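Overview (structure and organization)
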Amino acid sequence: SSRIPKINADRFHKTLHETCEKYGAAHRYGQRSDETGMARLTLNDDDIAVRKWLEKEMEKVGCTLKVDSMGNMFFIRPGSKANKALPVAMGSHLDTQPMGGRYDGILGIMAAVEAMRTMHDHNVQTNGPIALINWTNEEGARFSKSMCGSSVWSGQLSEEEAHSLIDVHDKKTTMGQELERSGYLGKMKAHHTAMPLAAHFELHIEQGPILERANGKVGVVQGGQAYKWIQVTINGRECHTGSTPFEDRADAMQSAAKIIVMSKKYARKQGGLASTGLLSVFPSSVNTCPGKVTFTLDVRHKNDASLEAILFEIEREAERICKEESERGTKMDWKISFASTAVKFNANCHSAIQQAAERYVKPEEIMPIISGAGHDSCAASIRCPTAMIFVPSKNGLSHHPEEYTSPEDCAIGAQVLMDSVLTYDQQ
Ligand code: GLV
Ligand code: MN
Ligand code: MN
Ligand code: MN
């Protein structure tokens with residue numbers, strides 16, 4: 001429609017890369033300086049700094065800020081209706097993996113910044129308010145629950161539990177302490193009843209190879225797959241590696257290693273995925289058989305029932321593996337630390353995205369797609385009409401410093417994001 005202006009693609013590109021360089025570039029943490037890696041872990045100094053930057057920029061374009069008790073930031077641009085219309089939101093996250101790239105989450109926020117700037121430049125009048133949301137700790141890389149801030153907002157996670165999460169690396173700082181320190185422990189209750197939304201749209205990179213392989217430009221995300229995180233602890237008995245015959249050991253590492261390898265086999269058998277990304281060995285000595293090993297399992301499947309079936313098989317097989325560790329056996333503790341069911345996004349939001357996308361790319365470049373990753377939109381979708389827009393990831397790579405989406409594809413994504421929101425607002 002003629003009322004929808006064009007975003008400023010150059011300004012958008014510059015903002016995306018300059019803020020990454022300035023706030024959280026991994027080389028400032030001792031990594032290689034020629035890399036685009038990001039280490040902007042939730043509520044670290046760079047995350048705080050980029051939040052401050054965002055506040056300044058949003059003030060310039062006439063947005064007011066509300067911060068909730070999870071540090072979720074809601075920037076609101078008023079609509080023209082004098083009534084209590086709820087905001088249509090553009091949300092995503094600014095936190096990254098310990099060695100992430102410049103696009104995961106960040107793209108969605110910077111595209112929303114560009115959308116707000118464009119609407120301001122062109123004096124766009126919307127019916128209802130438009131919101132930009134920066135959700136806290138989407139990654140769950142520092143405080144181990146993904147979609148953390150958005151899940152408290154949706155009511156799927158309690159604020160107490162979220163505040164008591166402990167930094168997985170230093171093993172002592174809590175998320176509550178970091179919210180205090182940062183100044184982002186807002187007074188408003190983190191809950192959808194305190195900050196209701198009309199709808200939630202999110203632009204994100206695909207993080208997988210599907211769009212690129214199909215020459216797709218815009219993915220209309222239908223929903224997200226189910227996943228659970230398990231904290232597994234194997235207890236054995238420490239002993240000397242030189243003097244203890246195999247039969248007399250209860251080697252926690254042997255059990256852990258077999259379980260990790262086995263988990264992939266059972267996940268694959270049912271078309272799912274299983275991964276281990278955190279592992280700790282105690283007491284951590286070359287010549288002591290580990291008495292304790294803890295590790296995570298991240299298990300995923302497109303549907304809830306198959307995910308349960310995979311987990312059932314892995315747990316049962318893991319118990320068997322522990323029993324068979326020499327004659328002594330090891331003992332397993334299995335604790336679910338995070339769960340997200342499969343979600344389906346909203347048809348009205350899909351239609352707004354489809355209409356928007358058709359203005360910029362060929363019909364055959366628009367594809368329905370399922371998200372393999374979790375997103376704040378999965379949590380948001382429990383409480384309001386929600387959908388996501390994917391743009392292609394080069395080589396399907398993400399959670400990696402070389403994560404890349406071309407400036408042209410990013411610009412298409414930002415334009416489609418703004419268009420979708422304006423289209424939805426006009427419905
Ligand atoms: C959330 O980012 C996930 O782990 O998919
Ligand atoms: Mn993300
Ligand atoms: Mn991520
Ligand atoms: Mn994610």
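On a predicted model such as this, the values are computed, not experimentally measured, just so you know.

Some thoughts on the overall build of the protein
A count of helical and extended segments in the protein gives 12 helices and 16 strands. For the protein, the C-alpha radius of gyration of 23 Å lies close to 22 Å, the compact-globule estimate for 427 residues. Overall, the protein is about 80 × 45 × 45 Å in size when its C-alpha atoms are taken along their principal axes. For the protein, the residues scored as buried account for 49% of the 427 residues in total. Counting contacts in the protein only where the partners sit at least 6 residues apart, residues at least 24 apart contribute 78% of the total.

Focus on helix H6 (residues 175-182)
Among the residues of H6, those classed as buried are Met 175, Glu 178 and Leu 179. Angularly, the buried residues of H6 cover 105 degrees about the axis, an arc narrow enough to put them on a single face. Considering only its buried residues, H6 is in contact with helix H5 (159-163). In the segment just after H6, Gly 183 is the residue with positive phi, at about 85 degrees.

Overview of the site of ligand 1
Taken together, Glu 138, Glu 139, Ser 146, Ala 373 and Gly 374 are the residues near ligand 1. Looking at the shell around ligand 1 residue by residue, the classes come out as 1 nonpolar, 2 polar and 2 charged.

Focus: the nonpolar core
Ala 115, Leu 132, Ala 414, Leu 417 and Val 421 are the most contacted members of the largest nonpolar core, which has 90 residues in total. Val 421 has contacts with Val 88, Met 90, Ala 115, Ile 130 and Phe 201, leaving out every residue within four places of it along the chain. Formed by 25 residues, the second largest nonpolar core is a distinct cluster that contains Trp 229, Ala 267, Phe 295 and Leu 297.

Examining the packing of helix H1 (residues 9-22) against helix H3 (residues 106-121)
In the contact formed by H1 and H3, the axes pass within 10 Å of each other and the chain directions differ by 135 degrees. Comparing the axis directions of H1 and H3 gives the class oblique. Where H1 crosses over H3, the handedness of that crossing is right-handed. In this structure, H1 uses Arg 11, Phe 12, Thr 15, Leu 16, Thr 19 and Cys 20 to contact H3, whose residues at the interface are Ile 106, Leu 107, Met 110, Ala 111, Val 113 and Glu 114.

Considerations on the packing of H3 against helix H12 (residues 407-426)
Helix packing geometry: the angle between the two helix axes and the distance between the axes. Viewed as axis vectors pointing N to C, H3 and H12 meet at an angle of 60 degrees, and their least axial separation amounts to 9 Å. One element, H3, and the other, H12, form an angle in the oblique class. Of the two elements, H3 crosses H12, and the hand of that crossing is right-handed. Of the residues in H12, those touching H3 at Leu 107, Ala 111, Ala 112, Glu 114, Ala 115 and Thr 118 are Cys 410, Gly 413, Ala 414, Leu 417, Met 418 and Val 421. Classifying every residue of the contact of H3 with H12 by side-chain character gives 9 nonpolar, 2 polar and 1 charged.

Quick notes on the domain arrangement of the protein
When cut into domains, the protein gives domain 1 (9-224 + 342-426) and domain 2 (226-340). On a C-alpha basis, the centroid separation for the pair domain 1 and domain 2 is 34 Å. Across the contact, 10 residues belong to domain 1 and 9 residues belong to domain 2. Class assignment for the residues of the side of domain 1 that touches domain 2 results in 5 nonpolar, 4 polar and 1 charged.

Considering the environment of Arg 383
By the element assignment, Arg 383 lies in the loop between helix H11 (376-380) and strand E16 (386-391). A tally of 18 C-beta atoms within 10 Å means that Arg 383 is categorised as partly exposed. Sequence separation between Arg 383 and Trp 153 is 230 residues, and the spatial gap between their C-alpha atoms is 9.0 Å. Beyond its immediate chain neighbours, meaning those up to four positions away, Arg 383 contacts Ser 154 and His 192.

Some thoughts on H12
End to end, H12 covers 29 Å across 20 residues, agreeing with the expected 28 Å (1.5 Å per residue, within 8%). Burial of H12 is extensive: 17 of the 20 residues sit out of reach of the surface.

Thresholds, definitions, all that
Residues numbered from 1 in each chain as written. Chains lettered and ligands numbered in written order. Predicted model: local features only at pLDDT ≥ 70, side-chain atom pairs only at ≥ 80, totals over all residues. Helix = DSSP H or I, 4+ residues; strand = E, 2+ residues; numbered from the N terminus. Rg over C-alpha atoms; globule rule 2.2 N^0.38 Å. Buried ≥ 20, exposed ≤ 12 C-beta atoms within 10 Å, placed from the backbone. Contact = placed C-beta atoms within 7 Å. Arc of directions from axis to C-beta. Near = placed C-beta within 6 Å. Nonpolar A, V, L, I, M, F, W, Y, C, P; charged D, E, K, R; others polar. Core = buried A, V, L, I, M, F, W, Y, C linked by C-beta atoms within 7 Å. Axes fitted to C-alpha atoms, helices over the stretch in contact; angles between N-to-C directions. Parallel < 35°, antiparallel > 145°, perpendicular 65-115°, else oblique. Left-handed = near helix turned anticlockwise from the far one by under 90°. Domains from an automatic or database assignment. Expected span 1.5 Å × (residues − 1).

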